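Chains, contacts and geometry: an overview
Chain by chain, the residues:
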Amino acid sequence: QLAKLEKGTASLSDMAYSIVGVAPTSDIYAATLAATKALPHSMSLAKADITPPVAKPYVWSAERAGNAVTLNGFIPAETARTAIVDAAKKIFAGAAIADKMQIAAGAPQNFLDAAMAGLNQLGTLVEGKASLSDLAYSLTGRSAQFSVNTAALMADATDLIIFTQVNYY
């Protein structure tokens, strides 16, 4: 696993394994952490301190199509994954949730709040996509209503975003 990292160290002391380093990609970050959970039975994990790669721009999206919601892009930690997936299950009750998110460093301030606002707004649409690029926000979709109060729809995100684009079809 150490050979896959940009830089780092690995050690073994009395069958206790430690690895510290910087992952060059989200896939290598995930694989390295998974490997620390699959050690031989005679070994224990003393320390796993792997830094995820920095994503720039920091992109994230949620797309609703029929009875399916796909979550894509970057998240800062597993706790964010849990919060976003749990919120999606609640907002889109009964929908199939596909989690394709990857961990990366570089999340903008208020990322989780902005992602949650995007999920909530997407929940008001029959189909569509809510996306963030850093904190530039876009919402595109189809509403079941003939007219949509865009100001009310955007009220919960205006303190979190830099740019707002709303398109309906």
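An account of the accompanying structure is given in this report. Just so it is clear, the structure is predicted and the values come from calculations on it, not from any experiment.

Our focus in this paragraph is unusual backbone geometry. Look at the link from Lys56 to Pro57: it is a cis peptide, with omega at 5°. Within the fold, Pro57 resides in the loop between strand E3 (44-51) and strand E4 (59-65). Of note in this structure, Met15 is not a glycine but carries a positive phi near 70°. Residue class for Met15 comes out partly exposed when judged on its relative accessible area of 37%. One non-glycine residue with positive phi stands out, namely Asn110, at about 70°.

A few words now on the packing of aromatic side chains. Taken as a whole and assessed by the stated rule, the structure comprises three aromatic pairs. Ring geometry for Tyr58 and Phe111: centres 5.4 Å apart, planes at 80°, overall edge-to-face. Here the residue Tyr58 occupies a position in the loop between E3 and E4, and Phe111 occupies one in helix H3 (residues 111-122), the gap between them amounting to 53 residues. The pair Tyr58 / Phe111 is uniform in exposure class, with both members buried. Between Trp60 and Phe111, the ring centres sit 6.5 Å apart and the planes meet at 90°, which makes this aromatic pair edge-to-face. Of this pair, Trp60 sits in strand E4 while Phe111 sits in helix H3, and the two are 51 residues apart along the sequence. Given the relative accessible area of 2%, Trp60 is considered buried. You can call Phe111 buried: its relative accessible area is 3%.

What the three strands build is an open sheet, ordered E1-E2-E3; its pairing is mixed. Both outer strands of the open sheet, strand E1 (7-13) and E3, are each paired with one neighbouring strand and no more. Ignoring strand direction, the axes of neighbouring strands in this sheet form an average angle of 5°. As judged from the seven bridges shared by strand E2 (residues 16-22) and E3, these two strands associate in the parallel manner. By the bridge assignment, Ile19 is partnered in E3 with Ala48. Each of E2 and E3 is contacted by helix H1 (residues 26-36), which is oriented at about 170° to E3, the strand it contacts most.

The rules behind these values
- Residues numbered from 1 in each chain as written.
- Predicted model: local features only at pLDDT ≥ 70, side-chain atom pairs only at ≥ 80, totals over all residues.
- Heavy atoms only, no water.
- Helix = DSSP H or I, 4+ residues; strand = E, 2+ residues; numbered from the N terminus.
- Buried < 20%, exposed > 50% of the residue type's maximum accessible area, 1.4 Å probe, protein only.
- Phe/Tyr/Trp six-rings, centres within 6.5 Å; stacked < 30°, edge-to-face > 60°.
- Pairing = 2+ DSSP bridges.
- Axes fitted to C-alpha atoms, helices over the stretch in contact; angles between N-to-C directions.
- Contact = heavy atoms within 4.5 Å.

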